[in-house]
Amino acid sequence: MSTENGKFEMLTSIVAMLLHHLIYSSTANINLTEAELHRLLDHWRIKNTQLGITGLLLYSEGHILQVLEGDADVVYSLYATIAANPHHRSLVKLADGWK
C-alpha cells in the first residue's frame, strides 16, 4: 500500500512541475455585484475546466488578482484573451513560469 502511495505522490509531483503558472493583477472597469461575480465565476469555472486550467481568483472592490495554471500555450492564450478584454485596465503580469 505504501508503494502505491509513493507512486501516486511521485506522479503528483511530476504533474505539478509541468504546470505553467501566470499571475496577474488588474482593475475591473466596473464594480461587480456579488450576484454578477457568482454568475461569471460559474461560466469561467466551466470554461477553465474544459481548457485544463486551474488557479485562483481574488476580487475585491474592482481589484483582481488571478493565478492561472496549466499547459503554457493554454495559459498564454487565456492571458491574451484577458488582456484584450475591455473590462480590464491596468493589467500587470506579476509572475510567469513553471511551478
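Structure shown above.
Overview of the structure. (Residues numbered from 1 in each chain as written. Predicted model: local features only at pLDDT ≥ 70, side-chain atom pairs only at ≥ 80, totals over all residues. Heavy atoms only, no water.)

Re the sheet that holds strand β4 (residues 88-98)
Strand order in the open sheet made by the four strands is β2-β3-β1-β4, with antiparallel pairing throughout. Edge strands, defined here as strands with exactly one partner in the open sheet, are β2 (54-60) and β4. Sheet twist, expressed as the mean angle between neighbouring strand axes with direction ignored, is 10°. One ladder, built from eight bridges, connects strand β1 (residues 20-28) with strand β3 (residues 63-70); its direction is antiparallel. Paired with T27 across the strands is H63, a residue of β3. (Pairing = 2+ DSSP bridges. Helix = DSSP H or I, 4+ residues; strand = E, 2+ residues; numbered from the N terminus. Axes fitted to C-alpha atoms, helices over the stretch in contact; angles between N-to-C directions.)

Considering the nonpolar core
General note: in soluble globular proteins, nonpolar side chains tend to be found buried as a group. Counting 10 residues, the largest nonpolar core consists of L22, Y24, A28, I53, I64, L68, V75, L78, Y79 and I82. Residue assignment for this core shows that the elements contributing at least two residues are β1, β3 and α3 (72-84). The residues touching V75, leaving out its near neighbours within four places in the chain, are H20, L22, I53, L68, E69 and G70. (Core = buried A, V, L, I, M, F, W, Y, C linked by side-chain atoms within 4.5 Å. Buried < 20%, exposed > 50% of the residue type's maximum accessible area, 1.4 Å probe, protein only. Contact = heavy atoms within 4.5 Å.)

Focus on the layout of surface pockets
Approximately 510 Å³ is the volume found for the largest pocket. What lines the largest pocket is a set of 20 residues, among which L40, W44, I82, N85 and H88 lie closest to the centre. Elements with a minimum of two residues in the lining of the largest pocket: β1, α2 (34-51), β2, β3 and α3. Counting residues per element, the lining of the largest pocket draws most heavily on α2, which supplies six residues. Class assignment of the residues belonging to the lining of the largest pocket gives a composition of 12 nonpolar, seven polar and one charged. In this structure, the second largest pocket is lined by L41, W44, R45, N48, I53, T54, G55, L56, L57, Q66, V67 and L68. When contributions to the lining of the second largest pocket are tallied by element, the ones reaching two or more residues are α2, β2 and β3. Along the lines of polarity and charge, the residues of the lining of the second largest pocket split into seven nonpolar, four polar and one charged. (1 Å grid on protein atoms, 1.4 Å probe; cavity = no way out; pocket = protein on both sides within 12 Å on 5 of 7 lines; lining within 4 Å. Points joined across faces, edges and corners; volume = space filled by probe spheres on them. Nonpolar A, V, L, I, M, F, W, Y, C, P; charged D, E, K, R; others polar.)

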